[in-house]
Amino acid sequence: MGQRCYEHDYSQAGLYHITMTVAEKEAQPLGCVKGNATAAPGEADTPHVALSPIGKMVEEELTRSLPRHYPMIEVQDYVVMPEHIHFIIEVHGSLKSANGRSTHLGQVMAGFKKGCNRRFWAITGQEAAGAAERQRGKPAAANANEEGTPTSAGAAQGASAGAAQEASTEAAQGASAGAAQGASTEAAQGASTGAGVSWCPAVSPQERWKVPSRAGTGRPPLFTPGYVDVIPLHKGQLQTQREYIRNNPRNRLLRQQQRLFTERLSVTTALTVPALRRYLVQERAFPHFEEEPSWQALAPRLLTATATPQAVPFIALDTYGNRHLLERRLLPVVCHRKDLEQFEKQRRRCIEAARAGAVLVSARIAKGEQAIMDEAMKAGATVILIHDNGFPERYHPSMERLQLCAEGRLLIVTPWRYHYRPQKEGISQPECKTMNCVAQALCRLKDSWWKEE
């Protein structure tokens, strides 16, 4: 994980939505989600995370230690989930460490994670094991200076766990530029006093003071390497991310209680791959004289299924939500420019059918499709939405869509394999036409059905 915007200066002011995942996701070391998904905010059983000692430590490092060492950072909305954390921070002005040196968000997050690691190892009893490992091959006077006086490193080791952990973060920020990326208590303080105590004589001076995530002793880190950052582009997107963070515990309970999860290749349509290509050619979806290259770029992204390796492949779908909707009467909603003057008739026929119990199916791309599908959902109808990208490993729809899935009113399907799509990348015409064709194949009905009286 760790998507970056390479055009952005991460040393300057900005807003960031950060996500970090623990290394042992299955263990869920940060806590557990409790409450009732239907409880209103403020009630006794409102969905929340009961934090473990490790989770409380992470919360403290995030809300207290991080702003203390970087006063220009304001931690806003956050949630500590059982196996990951989300938080929004705002950086006011240029990022600088405690000694005034310029830094950037990546170094700040590395320091946060290493501070969590130190306290995580102390909580789980791995600090003593790590200290014993570091003593192997180390001179007997390693914890003393030339006069025999204990160094700040030895003092930190003899201090309480909380004091040593706090000293570690402060020392790392006060050390040289190389040490500031994550120096340990012993290394950073030793460097500042000139003691020059080395963990391992074989390593370079730069590596000598660096504390990697595993500290070179096999101790597991709390978090996976890297992190994901999202830069909100406008107020609407920022508000959506704030609501997502606040609703994380409720969303988790909804998925658990309603058994909502992604089902891979759970539907095989009646649409063959060759038939889809013929449809795209007929619809003139490919640029002139570029049919073959365009198809070769599109085809690998399609989900397919076959009865035997020699059989013709059919378009398959991943699904999320109420699959029982597929058993009802399905009607495709596809708006064409040529039918713009008849849009009111199309809208009326679709809404009437939806109120009579039919399920509307659409990729919801054109403005007319959005208007019809939104009106149908607002009226309490059931719908199937075709997603314009594949589902990632952990797919989480918006709160609104998750609620509709939990109520049994929505099924989300996709014919695509997941791929990362930058914010500025739109949907191509072949992709739009493909989803329109899938809608008709799923319904086994042409998209002009509404024209028939």
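Look up a bit, the structure's there.
Residues numbered from 1 in each chain as written. Predicted model: local features only at pLDDT ≥ 70, side-chain atom pairs only at ≥ 80, totals over all residues. Heavy atoms only, no water.

Observations regarding the overall build of the protein
Within the protein one finds 15 helices and 13 strands. When the 453 residues of the protein are sorted by exposure, 47% land in the buried category. For the protein, the proportion of contacts with a sequence separation of at least 24, taken over those separated by at least 6, is 72%. (Helix = DSSP H or I, 4+ residues; strand = E, 2+ residues; numbered from the N terminus. Buried < 20%, exposed > 50% of the residue type's maximum accessible area, 1.4 Å probe, protein only. Contact = heavy atoms within 4.5 Å.)

Structural notes on the environment of Val 228
The topology assignment puts Val 228 in strand 6 (residues 228–230). Sequence spacing of Val 228 and Thr 21 is 207 residues, and the spatial spacing of their C-alpha atoms is 9.2 Å.

So, the side chain of Thr 269
Within the secondary structure, Thr 269 is located in strand 7 (residues 263–272). Look at Thr 269 and you get buried, because its relative accessible area is 6%. One polar contact links the side chain of Thr 269 to the main-chain amide nitrogen of Leu 271, over a distance of 3.2 Å. Looking at Thr 269, its side chain comes within polar contact range of the main-chain oxygen of Ile 315, at 2.8 Å. The contact partners of Thr 269, leaving out residues within four places of it in the chain, are Phe 314, Ile 315, Leu 317 and Leu 442. (Polar contact = N/O pair within 3.5 Å; in protein donor to acceptor, adjacent residues only side chain to side chain.)

Focus on the nonpolar core
In summary, soluble globular proteins display a tendency toward joint burial of nonpolar side chains. Core analysis: the biggest nonpolar cluster contains 38 residues, and Tyr 320, Leu 360, Ile 372, Ala 376, Val 383, Leu 410 and Ile 412 have the highest contact counts within it. For this core, the secondary structure elements donating two or more residues are helix 8 (235–246), helix 9 (248–257), helix 12 (343–355), helix 13 (367–378), strand 12 (383–386), helix 14 (399–406) and strand 13 (410–414). Sequence-distant contacts of Val 383, that is, excluding residues within four places in its chain, are made with Leu 325, Val 359, Leu 360, Met 373, Ala 376, Met 377, Arg 409, Leu 410 and Leu 411. Listed in part, the 31 residues of the second largest apolar core include Leu 30, Ile 73, Val 80 and Phe 87. (Core = buried A, V, L, I, M, F, W, Y, C linked by side-chain atoms within 4.5 Å.)

Some points on the packing of helix 12 against helix 13
At their nearest, the axes of helix 12 and helix 13 sit 10 Å apart, and the two run at 30 degrees to each other. Classified by the angle their axes make, helix 12 and helix 13 are roughly parallel. Once helix 12 is placed against helix 13, the crossing between them reads as right-handed. Where helix 12 approaches helix 13, its residues Phe 343, Gln 346, Arg 347, Cys 350, Ile 351 and Ala 354 are matched on the opposing element by Gly 368, Ala 371, Ile 372, Glu 375 and Ala 376. A breakdown of the residues in the contact of helix 12 with helix 13 according to their chemical character gives seven nonpolar, two polar and two charged. (Axes fitted to C-alpha atoms, helices over the stretch in contact; angles between N-to-C directions. Parallel < 35°, antiparallel > 145°, perpendicular 65-115°, else oblique. Left-handed = near helix turned anticlockwise from the far one by under 90°. Nonpolar A, V, L, I, M, F, W, Y, C, P; charged D, E, K, R; others polar.)

Quick look at unusual backbone geometry
Even without a glycine there, the phi angle at Gln 28 is positive, about 50 degrees. Within the secondary structure, Gln 28 sits in the loop between strand 1 (14–21) and strand 2 (31–34). Residue class for Gln 28 comes out partly exposed when judged on its relative accessible area of 34%. Backbone geometry places Arg 284, a non-glycine residue, at a positive phi of 55 degrees. Position of Arg 284 relative to the elements: it lies in the loop between helix 10 (273–282) and helix 11 (291–298). Under the relative-accessibility criterion, Arg 284 is labelled exposed at 72%.

Focus on the pattern of salt bridges
For the coordinates displayed, the defined rule picks out 20 salt bridges. Here Arg 323 and Glu 263 are joined by a salt bridge, their closest N and O atoms 3.3 Å apart. Residue Arg 323 is located in the loop between strand 9 (314–321) and strand 10 (330–332), and its partner Glu 263 is located in strand 7; the two are separated by 60 residues in the primary sequence. Arg 347 is the partner of Glu 344 in a salt bridge, and the nearest nitrogen-oxygen pair spans 2.6 Å. Of this pair, Glu 344 and Arg 347 both sit in helix 12, three residues apart, roughly one helical turn. Judged by relative accessible area, Glu 344 falls into the partly exposed class, the value being 45%. Several salt bridges share partner residues, and in doing so they unite Arg 301, Asp 388, Arg 421, Glu 425 and Glu 431 into one network. (Salt bridge = Lys/Arg side-chain N within 4 Å of Asp/Glu carboxyl O.)

Concerning the environment of Leu 317
With respect to the secondary-structure elements, Leu 317 resides in strand 9. Under the relative-accessibility criterion, Leu 317 is labelled buried at 0%. Sequence-distant contacts of Leu 317, defined by excluding residues within four places in its chain, comprise Glu 263, Leu 265, Ser 266, Val 267, Thr 269, Leu 303, Val 413, Thr 414, Pro 415, Val 438 and Leu 442.

Things to note about the packing of helix 8 against helix 9
Viewed as axis vectors pointing N to C, helix 8 and helix 9 meet at an angle of 60 degrees, and their least axial separation amounts to 4 Å. By the angle between their axes, helix 8 is oblique relative to helix 9. In this structure, helix 8 contributes Tyr 244, Ile 245 and Arg 246 to the contact, and helix 9 contributes Asn 248, Pro 249 and Asn 251. Looking at the contact of helix 8 with helix 9, its residues break down into three nonpolar, two polar and one charged.

Thoughts on the pairing of strand 9
With respect to burial, strand 9 is a largely interior element, seven of its eight residues being buried. In terms of strand pairing, strand 7 meets strand 9 through four bridges, oriented antiparallel. Within strand 9, the position partnered with Thr 272 by the bridge is Phe 314. Of the pairings in the sheet, the one linking strand 8 (residues 304–305) to strand 9 comprises two bridges and is antiparallel in character. For Thr 304, the partnering residue across the bridge sits in strand 9 and is Ile 315. Across four bridges, the pairing between strand 9 and strand 13 is antiparallel. Paired with Gly 321 across the two strands is Leu 411, which belongs to strand 13. (Pairing = 2+ DSSP bridges.)

Remarks on the sheet that holds strand 1
To summarise the sheet geometry, strands pair through backbone hydrogen bonds and adopt either a parallel or an antiparallel arrangement. One open sheet holds the four strands; their spatial order is 4-5-1-6, and the pairing between them is antiparallel. The sheet terminates laterally at strand 4 (73–80) and strand 6, the two strands that pair on one side only. Neighbour-to-neighbour, the strand axes of the sheet open up by a mean angle of 20 degrees, direction not taken into account. Where strand 1 lies against strand 5 (residues 84–91), eight bridges are found, and the strand directions are antiparallel. Looking across to strand 5, one finds that Met 20 is bridged to Ile 85. Sheet strands touched by helix 1 (residues 53–69): strand 4 and strand 5. Its angle to strand 4, the strand with the most contacts, is close to 165 degrees. Packing of helix 8 onto the sheet brings it into contact with strand 1, strand 4, strand 5 and strand 6, and relative to strand 5 it is tilted by some 145 degrees.

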